[in-house]
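Tertiary structure, described
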Amino acid sequence: MHFVKVLFVYLLIINFAGLTAMGMDKSRAKRHAWRIPEANLFLISFLGGSIGTWAGMYLFRHKTKHWRFVIGMPLICMVHAVTAVSLFYRLF
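In this report, the structure presented in the accompanying data block is examined.

Remarks on the overall build of the chain
- If you tally the helices and strands in the chain, you get three helices and zero strands.
- Reading the secondary structure of the chain in the N-to-C direction produces α-α-α.
- Overall, the C-alpha framework of the chain stretches about 50 × 25 × 20 Å when taken along its three principal axes.
- Counting every position in the chain, which comprises 92 residues, the buried fraction comes to 29%.
- Restricting to contacts in the chain with at least 6 residues of sequence separation, those with at least 24 account for 65%.
- Accessible area for the chain stands at about 6,600 Å²; split by element, carbon and sulfur atoms hold 75% of it.

Now the structure itself:
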């Protein structure tokens, strides 16, 4: 059960990072400042932050017209959900 607690804390942190990254990138876009590369946003999502980055897209209205994000973020999230359900059934 220690693993589950560590995983839960990791997912909270990475999803907060994804949400924050989307907010920061939107803010920087408005100011025409240095931007967070799209590859980094996808990396955060791929590493477990898909819910946070996907929520950040719509909370900050950022990248919602880019098909890679509109399709990619939910797709990554679905892969994570299927993986989580599969692991849950194998562990319990």
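Structure shown, so let's carry the discussion forward.
Re the packing of helix H2 (residues 38-59) against helix H3 (residues 67-91)
- Contact geometry of H2 with H3 gives a least axis separation of 9 Å together with a crossing angle of 95 degrees. The angle between H2 and H3 falls in the class roughly perpendicular. Packed against H2, whose contacting residues are Glu38, Leu41, Phe42, Ser45, Phe46, Gly48, Ser50, Ile51, Thr53, Trp54, Met57 and Tyr58, the element H3 presents Arg68, Phe69, Val70, Gly72, Met73, Pro74, Ile76, Cys77 and His80 at the interface.
- Residues of the contact of H2 with H3, tallied by class, amount to 13 nonpolar, six polar and two charged.

Thoughts on the layout of surface pockets
- Counted as a void, the largest pocket has a volume near 580 Å³.
- Counting only elements with at least two residues in the lining of the largest pocket, the list comes to helix H1 (2-30), H2 and H3.
- Looking at side-chain class alone, the lining of the largest pocket contains 15 nonpolar, five polar and no charged residues.

A closer look at the nonpolar core
- Within the largest apolar cluster, nine residues are counted, these being Ile14, Ala21, Met22, Ile36, Leu41, Ile44, Met57, Phe69 and Met73.
- Only H1, H2 and H3 provide two or more residues apiece to this core.
- Residues in contact with methionine 57, not counting those within four places in the same chain, are Met22, His62, Lys63, Thr64, Phe69, Val70 and Met73.

Describing H1
- Here H1 spans 43 Å end to end across 29 residues, near enough to the 42 Å set by a 1.5 Å rise per residue.
- Within the sequence span of H1, burial applies to Ile14, Asn15, Gly18, Ala21, Met22, Gly23, Asp25 and Arg28.
- At its buried positions, H1 is contacted by H2.
- Phi turns positive one or two residues past the end of H1, at histidine 32, with a value near 55 degrees.

Reading the values: rules and limits
Residues numbered from 1 in each chain as written. Predicted model: local features only at pLDDT ≥ 70, side-chain atom pairs only at ≥ 80, totals over all residues. Heavy atoms only, no water. Helix = DSSP H or I, 4+ residues; strand = E, 2+ residues; numbered from the N terminus. Buried < 20%, exposed > 50% of the residue type's maximum accessible area, 1.4 Å probe, protein only. Contact = heavy atoms within 4.5 Å. Areas by Shrake-Rupley, 256 points an atom, 1.4 Å probe, with all protein chains shown as cover. Axes fitted to C-alpha atoms, helices over the stretch in contact; angles between N-to-C directions. Parallel < 35°, antiparallel > 145°, perpendicular 65-115°, else oblique. Nonpolar A, V, L, I, M, F, W, Y, C, P; charged D, E, K, R; others polar. 1 Å grid on protein atoms, 1.4 Å probe; cavity = no way out; pocket = protein on both sides within 12 Å on 5 of 7 lines; lining within 4 Å. Points joined across faces, edges and corners; volume = space filled by probe spheres on them. Core = buried A, V, L, I, M, F, W, Y, C linked by side-chain atoms within 4.5 Å. Expected span 1.5 Å × (residues − 1).

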